[in-house]
Amino acid sequence: MSGAVLVTIAAAIGNLLQGWDNATIAGSLLYIKKEFKLESEPTVEGLIVAMSLIGATLVTTCSGAVADFLGRRPMLIISSVFYFLSSLVMLWSPNVYILLFARLLDGLGIGLAVTLVPLYISETAPPEIRGLLNTLPQFTGSTGMFLSYCMVFAMSLTKAPSWRLMLGVLWIPSLIYFVLTLFFLPESPRWLVTKGRMLEAKKVLQRLRGRDDVTGEMALLVEGLGVGGDTTIEEYIIGPANEFNDVEDPSAKTEHIKLYGPDRAPSMVAKPTSGQSSLGLVSRKGSIVNQSALVDPVVRLFGSIHENLPETGSTFFPQFGSMFGVGGNQPRNEDWDVEEDVLAREGDDVSNAVAGDSDDHLQTPLISRETTSMDKDIPAPAQGSQLSMRQGSNLLGSAGEPAGGSTAIGGGWNLAWKYTEKEGPDGSKQAGFQRVYFHQEGTLGSKRGSQLSLVGGGDVMTDGEVVHAAALVSQRSLYKKDIMNQQEVGPAMVPPSETGAKGPSWSDLCEPGVKQALIVGVVLQILQQFSGINGVLYYTPQILEQAGVGYLLANLGLSSTSASLLISTVLTLLMLPCIAVAMRLMDISGRRALLLSTIPVLIASLLILVLASFVDLGSAVNAGISTASVVVYFCSFVMGFGPIPNILCAEIFPTRVRGLCIAICALTFWICDIIVTYSLPLMLNSVGLVGVFGIYSLVCTIAWVFVFLKVPETKGMPLEVIIEFFSVGAKQAQAATNT
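Quantities reported herein were computed from a predicted structural model and do not represent experimental measurements. (Residues numbered from 1 in each chain as written. Predicted model: local features only at pLDDT ≥ 70, side-chain atom pairs only at ≥ 80, totals over all residues. Heavy atoms only, no water.)

Summing up its helical and strand segments, the chain has 26 helices and nine strands in all. By the burial criterion, 58% of the 739 residues in the chain qualify as buried. Considering only contacts in the chain between residues 6 or more positions apart, those separated by 24 or more positions represent 80%. Put simply, the chain shows about 28,900 Å² of open surface, and 61% of that area lies on carbon and sulfur atoms. (Helix = DSSP H or I, 4+ residues; strand = E, 2+ residues; numbered from the N terminus. Buried < 20%, exposed > 50% of the residue type's maximum accessible area, 1.4 Å probe, protein only. Contact = heavy atoms within 4.5 Å. Areas by Shrake-Rupley, 256 points an atom, 1.4 Å probe, with all protein chains shown as cover.)

In structure tokens:
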């Protein structure tokens, strides 16, 4: 996965520039005030800092829609241009008005980077390490602050520190960022799929994953084009066909699904069941043992998956290639894929392949209503359905590729399609495709003796063993009912480009799953900003001065300004190992677990700061306790409440409206940032420092309760599966409310 890691590092430089700028303006503001004589003009002084916030807020209002139209990569390029231009203008800045304009340009770059870098990383990262990679912007942002503080501290030791040089040196890393975004970063494969540029998307995925077989993920990206839908949770027991004798009996009444393998015969059979899957249990009963009834159904559904992952760490069935995959040596139905030979030309350049209208390469759908060539010689089941996939499709890879990973989509999930035929009331046949996301329930069982008896581990499914699986079943994103009614054979789905061409719509935000996800994202951004980080930053110099740190540094010959910068440098340095630990835990413990464990530490730190104001243990002891509380608060914040809201916001929305929804969340972030920044002095005057920290501790308590009740665990899950869970959970909650 080195390709995805390198791309993430390059994209995260945008956040490094943001951290660099934040630290630089804080360190250079004193020198700016002296040169322009702003001591008596606090409004102008505040504007110098606030212009970047204003610029970020302005650009965020349209960044999502523009990113959905132009793409993620062009917006990151524009962000680097804003950074570069602003640094040159700040380096020049003959007066305060030009400086304000430069700060506005800088804010435009910051707004685009903060909004789109997490989005870009989520759309390119593998599910298994998406949390780690999406924590990297927090790490690079703090690294940028540390490097900037080091630079400003070194300059403060000179006889005539130049604030223009402090601010203008940003042009060097911004130029590097521009070169990387222009020549190294690929476009998001998910965005390419929404525009029907399948060949480019496949090439990008192959580069990011470091392998040629990306068939399953390409199919997943196509399925992610839809928004909402009627998703149901089903349960299956899957095993060899000879384990289910009634399958061969035409008179049997039990529905079953034949899973066809490369040997031109049914290799496995899936039978619906109930009561065995924890996911199905949660879906039916709406609650689970030891889980409060107040907890949102979405949280319970996600939790049921993570509590039952296979202990062996395998991704779904060990012999999955023989169960679902269609081998590359299968005969091809030439009526399906008129463009299949295009993909077989491995030496052709992508730009040549897509030089014409990309829709020309998408006239065949992912699944056709015709049975596959493999199925034609096999009698259809007496009743039930067939579940299969097409390895030969232009979306699922070219002939000759191995089938082993053809339907694996990450995080233990696999993608397949179910073709059903039912007899309508009037005697006519009604047929259609459904999308199925399968997930192993963690244990292998044996039907012999007891269908639910556990088998002692092992990575290979032997004769007689069956697997319990939960499945999310819904209508395919490419399905179009009127086409199904017009013809009995041939393509029954619209091309992906037609589905993606619809673009984002405000009405999509009213879909229950999207609406609930948006509520989670917006509330998390609000609670994060009101959790006290700005107040603690404001108070830090004061308590460190009380601790005698300033006096100690003054004895070493440092000025008050240099001492303050050195203190900030050390605090920023302490954050880096904590963020590194969070990166490691993000995909192990998970986002929800980190929030639930770090927010109580924030509450305790704030309460200790409040108590230190009432209990007099001596100035030295009180200052030491306050200093320790501030350090613990910072370290806990950057491990949880700092990066996780942005990570979750980049994961929980459908592809078609992801840019729009993330823009709404980012706009909420910047508005709350402005409110908190400018309300803090007023709050200090009205309720004092103790009251401010008391309010912040109350907000953190509310945040913990909200996370416990409403925020699900998304670690290791494909983005497209996450929104399916939100859709199911939202509809369950709505049904429970109506009942």
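Having seen the model, we can carry on.
Attention shifts here to the packing of helix α1 (residues 2-36) against helix α7 (residues 171-183). Close contact between α1 and α7 brings their axes to 9 Å; oriented N to C, the two are set at 155°. Classified by the angle between their axes, α1 and α7 sit roughly antiparallel to one another. Crossing of α1 against α7: the hand is left-handed. In this structure, α1 uses Ala10, Ala11, Ile13, Gly14 and Leu17 to contact α7, whose residues at the interface are Pro173, Ser174, Tyr177 and Leu180. The class makeup of the residues in the contact of α1 with α7 is seven nonpolar, two polar and no charged. (Axes fitted to C-alpha atoms, helices over the stretch in contact; angles between N-to-C directions. Parallel < 35°, antiparallel > 145°, perpendicular 65-115°, else oblique. Left-handed = near helix turned anticlockwise from the far one by under 90°. Nonpolar A, V, L, I, M, F, W, Y, C, P; charged D, E, K, R; others polar.)

This paragraph deals with α1. A rise of 1.5 Å per residue sets the reference length of α1, with its 35 residues, at 51 Å; its end C-alpha atoms lie 49 Å apart and thus fit the reference within 8%. A maximum bend of about 45° is found in α1 at serine 28. One or two steps after α1, the chain reaches lysine 37, where phi turns positive at roughly 55°. (Expected span 1.5 Å × (residues − 1). Bend = angle between axes of the 7 residues up to and from the residue.)

It is worth spelling out the pattern of salt bridges at this point. A side chain of one charge can pair with a side chain of the opposite charge if their charged atoms are brought near each other. All told, the structure shown has 17 salt bridges when counted by the stated rule. Two residues, arginine 658 and glutamate 123, come together in a salt bridge whose shortest N-O distance is 2.8 Å. Here the residue arginine 658 occupies a position in helix α25 (residues 655-710), and glutamate 123 occupies one in helix α4 (residues 96-124), the gap between them amounting to 535 residues. The residues arginine 658 and glutamate 123 share a single accessibility class, namely buried. Measuring nitrogen to oxygen at the nearest pair gives 2.7 Å for the salt bridge that ties glutamate 724 to arginine 435. (Salt bridge = Lys/Arg side-chain N within 4 Å of Asp/Glu carboxyl O.)

Below, the discussion takes up the side chain of serine 28. Considering the arrangement of structural elements, one finds serine 28 in helix α1. The class for serine 28 is buried, based on a relative accessible area of 0%. Here threonine 24 takes part through its backbone oxygen, which lies 2.8 Å from a polar atom of the side chain of serine 28. Beyond its immediate sequence surroundings of up to four residues, serine 28 is in contact with Trp163, Met166 and Leu167. (Polar contact = N/O pair within 3.5 Å; in protein donor to acceptor, adjacent residues only side chain to side chain.)

A complete count under the given rule lists ten aromatic pairs for this structure. Pairing phenylalanine 669 with tryptophan 670 gives two aromatic rings, centres 4.9 Å apart and planes at 80°, and the pair type is edge-to-face. Taking relative accessible area as the criterion, phenylalanine 669 reaches 15% and is therefore assigned buried. Residue classification places tryptophan 670 among the buried positions, given a relative accessible area of 3%. Arranged with centres 5.5 Å apart and planes meeting at 5°, the rings of tryptophan 704 and phenylalanine 708 form a pair that is stacked. Here tryptophan 704 pairs with phenylalanine 708, and both are found in helix α25, just four residues apart, close to one helical turn. Joined through ring pairs, the aromatic side chains of Phe302, Trp413, Phe725 and Phe726 make up one cluster. The ring centre of phenylalanine 184 lies 4.9 Å from the NZ or CZ of arginine 207, which sits over that ring. (Phe/Tyr/Trp six-rings, centres within 6.5 Å; stacked < 30°, edge-to-face > 60°. Lys NZ or Arg CZ within 6 Å of the ring centre and 35° of its normal.)

The next thing to look at is the packing of helix α18 (residues 512-529) against helix α26 (residues 719-738). Viewed as axis vectors pointing N to C, α18 and α26 meet at an angle of 100°, and their least axial separation amounts to 7 Å. When the interaxial angle is binned, α18 and α26 end up roughly perpendicular. When α18 is examined against α26, the residues Pro512, Gly513, Val514, Gln516, Ala517 and Val520 are found in contact with a partner set consisting of Ile723, Phe726, Ser727, Gly729, Ala730 and Gln734. Looking at the contact of α18 with α26 residue by residue, the class counts come to seven nonpolar, five polar and no charged.

In this section: the confidence of the model for the chain. On average, the chain scores 75 in pLDDT, and the residues at 70 or more come to 68%. Low pLDDT (under 50) marks residues 247-251, which in the prediction has four contacts with non-local residues, meaning those over four places away or in another chain. Overall, residues 487-492 carries pLDDT values under 50, and its contacts beyond four positions in sequence, including any with other chains, amount to 14 contacts. (pLDDT = per-residue confidence, 0-100.)

What follows deals with unusual backbone geometry. With a phi close to 55°, lysine 37 is a non-glycine residue in the positive phi region. With respect to the secondary-structure elements, lysine 37 resides in the loop between α1 and α2 (42-70). Exposure remark for lysine 37: the relative accessible area of 60% places this residue in the exposed category. Within the chain, serine 93 stands out as a residue other than glycine whose phi angle is a positive 25°. Turning to its location among the elements, serine 93 is positioned in the loop between α3 (72-92) and α4. The class of serine 93 is buried, set by a relative accessible area of 0%.

Moving on, we come to the nonpolar core. Counting residues in hydrophobic clusters, the biggest one holds 158 residues, and the most contacted among them are Ile32, Ile48, Trp413, Phe641, Phe653, Phe725 and Phe726. The element that contributes the greatest number of residues to this core is α25, accounting for 19 residues. Grouped together as the second largest cluster of nonpolar side chains are eight residues, Tyr236, Ile238, Phe438 and Ala471 included. (Core = buried A, V, L, I, M, F, W, Y, C linked by side-chain atoms within 4.5 Å.)

For isoleucine 695, the position within the fold is in helix α25. Its relative accessible area of 36% is what places isoleucine 695 among the partly exposed residues.

A contiguous nonpolar surface patch, about 790 Å² in accessible area, is contributed by Leu88, Leu91, Leu165, Trp171, Ile172, Leu175, Ile176, Val179 and Phe183. Broken down by element, the residue count for the nonpolar patch peaks at six residues, all from α7. Here isoleucine 176 shows up in helix α7. (Patch = residues over 30% accessible without salt bridge, like charges linked within 9 Å, V, L, I, M, F, W, Y side chains within 5 Å.)

As for its placement among the helices and strands, leucine 301 is situated in helix α12 (residues 297-306). Overall, leucine 301 belongs to the buried group, its relative accessible area being 0%. Each C-alpha atom of the pair leucine 301 and valine 728 lies 8.7 Å from the other, and the pair is 427 residues apart in sequence.

In this fold, serine 474 is placed in strand β9 (residues 465-475). Here serine 474 is in contact with Asp230, Thr231, Gln434, Arg435 and Glu724, once residues within four sequence places are set aside.

Looking now at the state of the cysteines. What the rule picks out here adds up to zero disulfides. Here cysteine 635 stays unpaired: no disulfide links it, and the sulfur of cysteine 578, its closest cysteine neighbor, is 3.4 Å away. Assessed through its relative accessible area of 13%, cysteine 635 is described here as buried. (Disulfide = S-S within 2.5 Å.)

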